[in-house]
2 protein chains.
Amino acid sequence: MATVEELQTRVKQLEEELERERTRNRGGTDGGGGRKKIDQMSSEVVDSNPYSRLMALKRMGIVDNYERIRDFTVAIVGVGGVGSVTAEMLTRCGIGKLLLFDYDKVELANMNRLFFQPHQAGLSKVQAAEITLRDINPDVEFETHNYNITTVDNFQHFMDRISHGHLKGDRPVDLVLSCVDNFEARMAINTACNEQGQVWIESGVSENAVSGHIQVIKPGETACFACAPPLVVASGIDEKTLKREGVCAASLPTTMGIVAGFLVQNTLKYLLEFGSVTYYLGYNAMQDFFPSMAMKPNPNCDDSFCTKLQTEYQEKLLAQPKEEAKEETVEEVVHDANDWGIELVAETTEEELKAASHGHVPELVEGVHVAYVRPMTQEDEEGAAGLTVDDQESLEDLMAKMKSI
Amino acid sequence: MATVEELQTRVKQLEEELERERTRNRGGTDGGGGRKKIDQMSSEVVDSNPYSRLMALKRMGIVDNYERIRDFTVAIVGVGGVGSVTAEMLTRCGIGKLLLFDYDKVELANMNRLFFQPHQAGLSKVQAAEITLRDINPDVEFETHNYNITTVDNFQHFMDRISHGHLKGDRPVDLVLSCVDNFEARMAINTACNEQGQVWIESGVSENAVSGHIQVIKPGETACFACAPPLVVASGIDEKTLKREGVCAASLPTTMGIVAGFLVQNTLKYLLEFGSVTYYLGYNAMQDFFPSMAMKPNPNCDDSFCTKLQTEYQEKLLAQPKEEAKEETVEEVVHDANDWGIELVAETTEEELKAASHGHVPELVEGVHVAYVRPMTQEDEEGAAGLTVDDQESLEDLMAKMKSI
């Protein structure tokens, strides 16, 4: 049994500890965390209104009806260097609902990118993100899934959630954002979105940390990830593989923050209908060069849902009055984007391209170039071309499995 | 005198409160905040190394010696939507020392931009920033100043700190980054940097939130802020004035995050000597257009330190061997930046330009166009051209005062 004196000492200790916690982590405020929920977005210009600077977009003539942002649901796959900042930007913009998917844990090795903090090391990324984001904006609804979307069961659940997880009831999300760092996860998202005719935006950052891109994919209307894979694979090797070999990809908070900025800016333009949505926007940090273009789908795409939607889209175009149809074609966008005379320049030589594709150069539609290649690993070099066929077969197996679920 | 029972209840209450604090704000970790200091940056690929992904820039052939980052000191003026993210990126990159200047308090109205959190409302921006940044990276040294640099006394102190505040002893900082939102503060930074021959980078975001820019200013070598003012003034009206009138500028976390990303990427390229430093990089979010160029200084610049340094720079060029001199000229950079056929397009009509300058179009050097204009306020409209002269005189008075200190 503790004495009064011992208890008094303990109370004092705890009070000090509590004070330290509050001071260190929250800046010594009154102890009330975050802010209260706000029923309706207001344009009122007062210091206490977290939406005044966003609602001002209406007065400035940029967005017709900013409040609509609360009606939208966005799924973010991958909550790492790009995905976490993407989630934070959308949260601060007051998006209706976010679905977050990731199976990784926060590590100190992630601290060279924005968002996560050292004291969160060891927590799952989705859990740590949800705690921080709820504090920033309690008006946003969150749904988090701490799993790898590429396993059979999880893929099925992922498909189910993006089809039915909308804030406004049993319907698909408005947009899926891919912020993953490996080929398999991109392929899984592509398969799911093709099957459901779901618009999504791909993003990626190169493993030397100084280039990145975003790419809008409208199944049937633009090239999907399976139509022209090398373009959208920042790196064929994921971080886990690299770490096993004792090396790791480089990354910078700048490049990742800029790519997240492009991704969310494009998301806002797409959802709130202002400015022009850019179908492909690249970023080369060394030269500050920003390639832009649009890509037609590949009629010989391996994904049967993609080719089916391509046919449907073409039929829809033909059924439309001529004027409307003209505005809708992707070719128009290509023309727009080329007004500045900008063309995508491959960062790789023809030789590197051949090496990367192991002699099997994919049949690309006109206008599609290769931006990134998968570097040769030691295993690739040992196995030569034979291994590549195996790789592709196992990928097809995976896809077949996914489709047969 | 409290009874044992009362004390036990109090202990329980405090323990719960402490747990809530930790869970809500820090994700329920072991209670040890942040991470320990690290003496030397290591390339080791382990989850616990916060620098592994940055040191990988060496292996990737991007940066020769990343560790040098610890030797640099950067001053950031303005810790708002752009400045706070700029400070966070540099902190995560492991910069040696940051000097932060701002006189504003965190408000809920700032929550539509990255970095600050609702529970920090009421704290000074520099204090809140320092608490968060120290937690993220305790290896960085911070020096914060909670004042307005444009008052006479503070301006003198500001000059003193950027001249003597380097991490490595009594010498100037390596770079000054301007992240302010008003004309007077930009002019004060320009005056200080011209007087001290200090390289700085200007940044700005338009008040409709959908465009921004960064601009490297090397006194004597490139145009300074006084050489061509309208180009670098995102808005002549600061937030305080707008708020008094019951309106406010719009802002987006995307545009501000992207501008901060460009600012820090350029800072890293300049300090660590990789890639090419872009002298002017603009961002138009509506069209995803990125104007780039370089600007020669105006030989008739009002700032006498600017014209003096221009002469010194020209003499230095003449004294150099021809090959070297060629590489150093700004004209070369103009040529490089125009390789893609990109030209800066004024966002304004000739008429708007005339209205903005109140009939007094500044004498701009060839190649310099106007990107932003100061919108006419009611006062401007009432006062017509006469008022403008007063404005300029009072600005000169201010400058004279600053110089005479």
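Residues numbered from 1 in each chain as written. Chains lettered and ligands numbered in written order. Predicted model: local features only at pLDDT ≥ 70, side-chain atom pairs only at ≥ 80, totals over all residues. Heavy atoms only, no water.

1. Thoughts on the interface of chain A and chain B
Move 1: If you look at the interface, chain A gives 101 residues, while chain B gives 101 residues.
Move 2: Summing both sides of the interface, chain A and chain B together bury roughly 9,200 Å²; the carbon and sulfur share of this comes to 64%.
Move 3: Counting across the chain A and chain B interface gives two salt bridges.
Move 4: Notably, a salt bridge pairs Asp288 of chain A with Lys269 of chain B, separated by 3.3 Å at the nearest N-O pair.
Move 5: Summed over the shared surface of chain A and chain B, the result is 30 residue pairs in polar contact (both at pLDDT 80 or more).
Move 6: Looking at the side of chain A that touches chain B, the elements with two or more residues in it are helix H1 (4–26), helix H2 (52–59), helix H3 (83–92), helix H4 (125–136), helix H8 (239–244), helix H9 (253–272) and strand S7 (280–284) of chain A.
Move 7: Looking at the side of chain A that touches chain B element by element, the count peaks at 15 residues for H1 of chain A. (Contact = heavy atoms within 4.5 Å. Buried area = accessible area lost by both parts, 1.4 Å probe. Salt bridge = Lys/Arg side-chain N within 4 Å of Asp/Glu carboxyl O. Polar contact = N/O pair within 3.5 Å; in protein donor to acceptor, adjacent residues only side chain to side chain. Helix = DSSP H or I, 4+ residues; strand = E, 2+ residues; numbered from the N terminus.)

2. Side note on the confidence of the model for chain A
Residues and elements named next belong to chain A.
Move 1: Averaged over every residue, the pLDDT of chain A is 79; residues scoring 70 or more account for 70%.
Move 2: Long-range and interchain partners of residues 26–32, a stretch whose pLDDT sits below 50, account for 21 contacts in this model, where long-range means more than four residues apart.
Move 3: Every residue in residues 230–237 is under pLDDT 50, and counting partners more than four places away or in other chains gives 33 contacts.
Move 4: Both scores are given for the predicted complex: the pTM is 0.77, the ipTM 0.77. (pLDDT = per-residue confidence, 0-100.)

3. What about the packing of aromatic side chains?
Move 1: Scanning the entire structure with this criterion turns up 17 aromatic pairs over all chains.
Move 2: Ring geometry for Phe290 of chain A versus Phe290 of chain B: centroids 3.7 Å apart, planes at 10°, classification stacked. With one member in each of two chains, Phe290 of chain A in the loop between S7 and strand S8 (292–293) and Phe290 of chain B in the loop between strand S7 (280–284) and strand S8 (292–293) form a pair that bridges those chains. Here Phe290 of chain A and Phe290 of chain B have matching classes, each one buried.
Move 3: Between Tyr283 of chain B and Phe290 of chain B the ring centres are 5.4 Å apart and the planes differ by 20°, which places this aromatic pair in the stacked class. The two residues Tyr283 of chain B and Phe290 of chain B agree in class, both being buried.
Move 4: By the ring-pair criterion, three or more aromatic residues cluster together here, those being Phe262, Tyr283 and Phe290 of chain A together with Phe262, Tyr283 and Phe290 of chain B. (Phe/Tyr/Trp six-rings, centres within 6.5 Å; stacked < 30°, edge-to-face > 60°. Buried < 20%, exposed > 50% of the residue type's maximum accessible area, 1.4 Å probe, protein only.)

4. Concerning the environment of Ala192 of chain B
Move 1: Within the element layout of this structure, Ala192 of chain B appears in helix H6 (residues 183–196).
Move 2: If sequence neighbours within four positions are ignored, Ala192 of chain B has contacts with Phe155, Phe158, Met159 and Ile162 of chain B.

5. Things to note about the UniProt feature "binding site: ATP" in chain A
Residues and elements named next belong to chain A.
Move 1: Those residues carrying the UniProt feature "binding site: ATP" are Gly81, Asp102, Lys125, Asn148 and Asn182 in this numbering.
Move 2: Only 2.6 Å separates the side chain of Asp102 from the backbone nitrogen of Val79, close enough to count as a polar contact.
Move 3: In this view, Lys125 contacts Val79, Gly80, Asp102, Asp104, Lys105, Val106, Asn110 and Phe116; residues no more than four positions away in its chain are not counted. (UniProt positions renumbered as here; feature names shortened; annotations may be inferred.)

6. Some words on helix H2 (residues 52–59) of chain B
A turn of α-helix holds 3.6 residues, and therefore any two residues three or four places apart point the same way.
Residue and element names in this part refer to chain B.
Move 1: Most of H2 is tucked away, with six of its eight residues classed as buried.
Move 2: Looking only at H2, the buried set comprises Ser52, Arg53, Leu54, Met55, Ala56 and Leu57.
Move 3: Directly after H2, the chain includes Gly61, whose backbone phi takes a positive value near 80°.

7. Some thoughts on the relation of the copies chain A and chain B
Move 1: You can overlay chain A on chain B at an RMSD of 0.2 Å; the transform is a turn of 180° with a shift of 0.0 Å along its axis. Viewed as a symmetry operation, the transformation between the two copies matches a two-fold axis. In terms of proximity to the rotation axis, the leading residue of chain A is Ile258 of chain A, whose C-alpha is 2.4 Å off the axis.
Move 2: When you check the interface residues of chain A against chain B, 100% turn up at the interface there too, and the contact is symmetric in its surfaces. (Least-squares fit on C-alpha atoms with pLDDT ≥ 70 in both.)

8. A look at the sheet that holds S8 of chain B
Residue and element names in this part refer to chain B.
Move 1: In spatial order, the strands read S3-S2-S1-S4-S5-S6-S7-S8; together these eight strands make up an open sheet with mixed pairing. With one partner strand each, in any of the chains shown, strand S3 (141–145) and S8 form the two edges of the open sheet.
Move 2: As judged from the three bridges shared by strand S4 (residues 175–178) and strand S5 (residues 200–205), these two strands associate in the parallel manner. In the sheet register, Ser178 faces S5, and the bridge partner there is Glu202. (Pairing = 2+ DSSP bridges.)

9. Quick look at the sheet that holds S7 of chain A
All names here are of chain A.
Move 1: Read from one edge of the open sheet, eight strands run S3-S2-S1-S4-S5-S6-S7-S8, paired in mixed fashion. For this open sheet the edge positions go to strand S3 (141–145) and S8, each flanked by a neighbour on one side alone.
Move 2: Bridge analysis of S7 against S8 gives two bridges, and the strand direction is antiparallel. Bridge pairing in S8 links Tyr280 to Met293.
Move 3: Along the sheet, H3 makes contact with strand S1 (73–77), strand S2 (97–101), S3 and strand S4 (175–178), crossing S1 at roughly 165°.
Move 4: Sheet strands in contact with helix H6 (residues 183–196) are S1, S4 and strand S5 (200–205), and its direction is about 170° off that of S5. (Axes fitted to C-alpha atoms, helices over the stretch in contact; angles between N-to-C directions.)

10. Some details on the UniProt feature "active site" in chain A
All names here are of chain A.
Move 1: The sites that UniProt annotates as "active site" are Cys248.
Move 2: Looking at where Cys248 falls in the secondary structure, it is placed in the loop between H8 and H9.
Move 3: Under the relative-accessibility criterion, Cys248 is labelled buried at 2%.

11. What about the nonpolar core?
Move 1: Grouped together as the largest cluster of nonpolar side chains are 136 residues, with contacts concentrated most on Tyr66, Leu98 and Phe262 of chain A together with Tyr66, Leu98 and Phe262 of chain B.
Move 2: Leaving out residues up to four positions away in the same chain, Tyr66 of chain B has contacts with Met41, Leu54, Met55, Leu57, Lys58, Cys93 and Leu272 of chain B. (Core = buried A, V, L, I, M, F, W, Y, C linked by side-chain atoms within 4.5 Å.)

12. Brief notes about unusual backbone geometry
All names here are of chain B.
Move 1: Despite not being glycine, Ala209 shows a phi value in the positive range, around 75°.
Move 2: Mapped onto the elements of the fold, Ala209 is located in the loop between S5 and strand S6 (211–217).
Move 3: With phi around 55°, Glu273 is a residue other than glycine that occupies positive phi space.
Move 4: Residue class for Glu273 comes out exposed when judged on its relative accessible area of 63%.

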